[in-house]
Amino acid sequence: MLECLVCGALLLITVLRLLFVLFQIHSSRPPNLSPPSQKVRLLAVAGSGGHTAELIQLLTSITTAPSSNKSFVYFTPRHYIVADTDSMSQDKIEQFERDKVADVVISKIPRAREVGQSYFSSVLTTLYAQLLCFPHVFRARPDMLLVTGPGTCIPVCFMVFALRVLGICKGKIVYVESICRVKTLSLSAKILVWFADHVLVQWPQLAERNYRCQFIGRLVS
């Protein structure tokens, strides 16, 4: 009987905490992209091709003080997650981080969904990626998760959200839709619009047509 009461109380607390976090997310104000006044534990998910280019452009813009050439003073430690088949993104991140003073970790996980993969089989690969990303996300325990659209980000976002509900990390999720998405949202954006703190798009019509999407202009020209 006592065990049932304890389990019921824990379940109730978890549900209340979940509702509280969702309330925080859906009442979020537009993000402040200026450099923070204190250190922020940053987790970023890189994707192949333009996703990584957009991520690096965004990181450069939000972490470089206007009057200084010093960057990444406050966003540290920084933990990157890339797909295990995406060596190009890893090379770009390593090149970008070269000569910067910060604690940087790059981890690899399987892709949640390959291009052209059916949605049915994607459920299994996403669950597999979800399992393997846990130790990396737990190690990072981010204050902020920054993602720019790759399917690899979904398991990471789920895990960060779960740790936030459990009170293990602050885990605010900022999702930036790819510039290639002009008329419709990607599958990742359609999922994350419900539990990401901010969903940012690069075309004004997407912000006008879709719930919780905020227009930020183009990251790359």
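Residues numbered from 1 in each chain as written. Predicted model: local features only at pLDDT ≥ 70, side-chain atom pairs only at ≥ 80, totals over all residues. Heavy atoms only, no water.

A. Structural view of the overall build of the protein chain. Broken down by element type, the protein chain carries seven helices and seven strands. Listing every helix and strand of the protein chain by position from the N terminus yields α-β-α-β-α-β-α-β-α-β-α-β-α-β. A separation of at least 24 residues holds for 68% of the contacts in the protein chain among residues at least 6 apart in sequence. As presented, the protein chain carries roughly 12000 Å² of accessible surface, and 62% of it is formed by carbon and sulfur atoms. (Helix = DSSP H or I, 4+ residues; strand = E, 2+ residues; numbered from the N terminus. Contact = heavy atoms within 4.5 Å. Areas by Shrake-Rupley, 256 points an atom, 1.4 Å probe, with all protein chains shown as cover.)

B. Structural view of the sheet that holds strand β1 (residues 40-45). The seven strands lie next to each other as β3-β2-β1-β4-β5-β6-β7, forming an open sheet whose pairing is parallel. The strands lining the two open edges of the sheet, one partner per strand, are β3 (104-109) and β7 (213-215). Averaged over all adjacent pairs, the angle separating strand axes in this sheet is 25°, with direction ignored. Direction of pairing for strand β5 (residues 172-176) relative to strand β6 (residues 198-201): parallel, over a ladder of three bridges. For V174, the partnering residue across the bridge sits in β6 and is H198. Relative to strand β2 (residues 75-83), helix α3 (residues 87-97) is tilted by about 160°, and along the sheet it contacts β2 and β3. (Pairing = 2+ DSSP bridges. Axes fitted to C-alpha atoms, helices over the stretch in contact; angles between N-to-C directions.)

C. How the structure looks around the environment of D143. Among the structural elements, D143 can be located in the loop between α4 (119-140) and β4 (144-147). Taking the C-alpha atoms as reference, D143 lies 4.7 Å from K170; in sequence the two are 27 residues apart.

D. Local environment of the pairing of β5. The buried fraction of β5 amounts to four of the five residues, a majority that puts the element mostly inside the structure. Relative to β5, β4 is paired through four bridges, and the arrangement is parallel. Bridging from a neighbouring strand, L146 pairs with V174 of β5. Crossover handedness for the path β5 to helix α6 (residues 187-192) to β6: right-handed. (Buried < 20%, exposed > 50% of the residue type's maximum accessible area, 1.4 Å probe, protein only. Right-handed = clockwise from strand over helix to strand, strands pointing away.)

Note that every value here comes from positions in space, so none of it alone points to a role or purpose.
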